[in-house]
Amino acid sequence: MSCIVEMKDISFSAQNRRLVRSLSFHFEEGKTTALIGPSGSGKSTVLKLAAGLVTPNEGEVLFRGRNIARMGRQENLMFRREAAVVFQDSALWENQNLFQTLELPLRVHFPAMSKAERERRIESVVTEVGYKKDLGIRPALLSMGEQKLLAFARAMMCRPQLLYLDEWTESLDQGAAQRLVNMVKNLKNRGASVIFVSHDIQIIRDLADIVVMILEGQIFLRLTKEQIDGDDDLGRYIEKGMAT
Ligand SMILES: Nc1ncnc2c1ncn2[C@@H]1O[C@H](COP(=O)(O)OP(=O)(O)O)[C@@H](O)[C@H]1O
Ligand SMILES: [Mg+2]
């Protein structure tokens, strides 16, 4: 089994608090890994560390064997083209309209792409996520759910091979959440690796090959889909473990 992202003995502190302790984990290529645990347990922090967006105080994060923190500009750009992140708070650009927000990753990673091609790509992704309103507005005018849709659409623009999703179906109605789940499945069928945080047991059961429970910044439990599916008690245990 090949490994796409490896976290090696990671510790991370912020404001004199140790948020992650001696954490080591292999994320397998082509697999979907769910990070679960109660609020404040460190899921978002682990996801950001795994995405190289936060640099650990100790240890290293490797993408296909290369330390993300040590990548040069060009290598980092290649990594960023392959990997996309949906942040828990969506993190859309306040001062750009939605079209500009979706266009930016294409401009950065595919500078030779024509304007017409960019417009086609944006149109097709926006339709797929089910966003029907104007793209000329800024994110402040969107509901939380719509912001999630747009953040997800932005992550899809460059057809990522590695996807980091933090509470990505929160504030979405069931139909919209299902559309995004289907998009993740399609991406997965094309060989993508996915690391996601969710509190939705249905989505975890539907998507995750591996479930990792995080408690107090450490990995408390690692289970495979086969283990969970074959054991109702374990399913209930997981649901309990996600509560605060
Ligand atoms: N930059 C930071 N500085 C200080 N504390 C932080 C910072 N980021 C997160 N925390 C704290 O770390 C803990 C874990 O946060 P987080 O990873 O967001 O948890 P989760 O996503 O599981 O809810 C929380 O107690 C949070 O307040
Ligand atoms: Mg979080």
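Everything here concerns the structure above.
My aim in this report is to walk through the structure given alongside it, one point at a time. Quantities reported herein were computed from a predicted structural model and do not represent experimental measurements.

With that settled, the discussion passes to a nonpolar patch on the surface. On the surface, a cluster of nonpolar side chains totalling about 250 Å² of accessible area is made up of W93, L104 and V108. Within the element layout of this structure, V108 appears in helix α3 (residues 98–109). Judged by its relative accessible area of 40%, V108 falls in the partly exposed class.

Near ligand 1 you find A14, Q15, R17, L19, P38, S39, G40, S41, G42, K43, S44 and T45, and these make up its full shell. Backbone polar atom of S41 to an oxygen atom of ligand 1: 3.2 Å apart, as the coordinates give it. One nitrogen or oxygen atom from the side chain of T45 is found 2.5 Å from an oxygen atom belonging to ligand 1. When ligand 1 sits alone it has 560 Å² of accessible area, and the protein chains cover 65% of it. Sorting elements by how many residues they give to the shell around ligand 1 places helix α1 (residues 43–50) first, with 3 residues.

Tracing the backbone shows A176 in helix α6 (residues 174–189). Residue A176 is classed as buried on the basis of its relative accessible area of 3%.

Packed helices, taken two at a time, are described by the angle between their axes plus the distance between the axes. Running from N to C, α3 and helix α5 (residues 144–156) point in directions that differ by 25°, and their axes come no closer than 8 Å. In terms of orientation, α3 and α5 fall into the roughly parallel class. The chirality of how α3 crosses α5 is right-handed. Each of L98, T101, L102 and P105 in α3 lies in contact with α5, whose residues at this interface are L150, A153 and R154.

Every buried residue belonging to helix α9 (residues 232–241) is among L234, G235, I238 and G241, and all of these are buried. Looking straight down α9, one finds its buried side chains confined to an arc of 125°; they lie on one side. Looking at α9, the residues exposed on the side facing more than 90 degrees away from the buried face are D232, D233, R236 and K240. Taken together, the buried residues of α9 touch β3 (32–36), α7 (201–207), β9 (210–215), β10 (218–224) and α8 (225–229).

For the rest of this paragraph, the subject is the coordination of the magnesium ion (ligand 2). Protein ligation of the magnesium ion (ligand 2) involves S44 (OG) and Q88 (OE1), the donor distances falling in the range 2.0 to 2.2 Å. Pair noted here: S44 is in helix α1 and Q88 is in the loop between β6 (83–86) and α3, with a separation of 44 residues, a long-range link. Classification of S44 as buried rests on a relative accessible area of 17%. Classification of Q88 as partly exposed rests on a relative accessible area of 39%.

Counting across every chain of the model gives 4 aromatic pairs. Ring geometry for F63 against F79: centres 4.7 Å apart, planes inclined by 50°, an arrangement best described as tilted. Here F63, found in strand β4 (residues 58–63), pairs with F79, found in helix α2 (residues 73–82); they are 16 residues apart in sequence, far enough to count as distant. Taking the centre distance of 6.0 Å and the plane angle of 20° together, the rings of F152 and W168 count as stacked. Placement of F152 in helix α5 and of W168 in the loop between β7 (162–166) and α6 is noted, with a sequence separation of 16 residues between them. Accessibility expressed as a relative area gives 0% for F152, which makes it buried. In this structure an aromatic cluster arises from ring pairing among F152, W168 and F196. The ring of F110 carries the charged tip of R121 above its face, separated from the ring centre by 5.8 Å.

Thresholds applied
Residues numbered from 1 in each chain as written. Chains lettered and ligands numbered in written order. Predicted model: local features only at pLDDT ≥ 70, side-chain atom pairs only at ≥ 80, totals over all residues. Heavy atoms only, no water. Patch = residues over 30% accessible without salt bridge, like charges linked within 9 Å, V, L, I, M, F, W, Y side chains within 5 Å. Areas by Shrake-Rupley, 256 points an atom, 1.4 Å probe, with all protein chains shown as cover. Salt bridge = Lys/Arg side-chain N within 4 Å of Asp/Glu carboxyl O. Helix = DSSP H or I, 4+ residues; strand = E, 2+ residues; numbered from the N terminus. Buried < 20%, exposed > 50% of the residue type's maximum accessible area, 1.4 Å probe, protein only. Near = heavy atom within 4 Å. Polar contact = N/O pair within 3.5 Å; in protein donor to acceptor, adjacent residues only side chain to side chain. Axes fitted to C-alpha atoms, helices over the stretch in contact; angles between N-to-C directions. Parallel < 35°, antiparallel > 145°, perpendicular 65-115°, else oblique. Left-handed = near helix turned anticlockwise from the far one by under 90°. Contact = heavy atoms within 4.5 Å. Arc of directions from axis to C-beta. Donors = N, O, S within 2.8 Å, 3.2 Å for Na, K, Ca; no water. Phe/Tyr/Trp six-rings, centres within 6.5 Å; stacked < 30°, edge-to-face > 60°. Lys NZ or Arg CZ within 6 Å of the ring centre and 35° of its normal.

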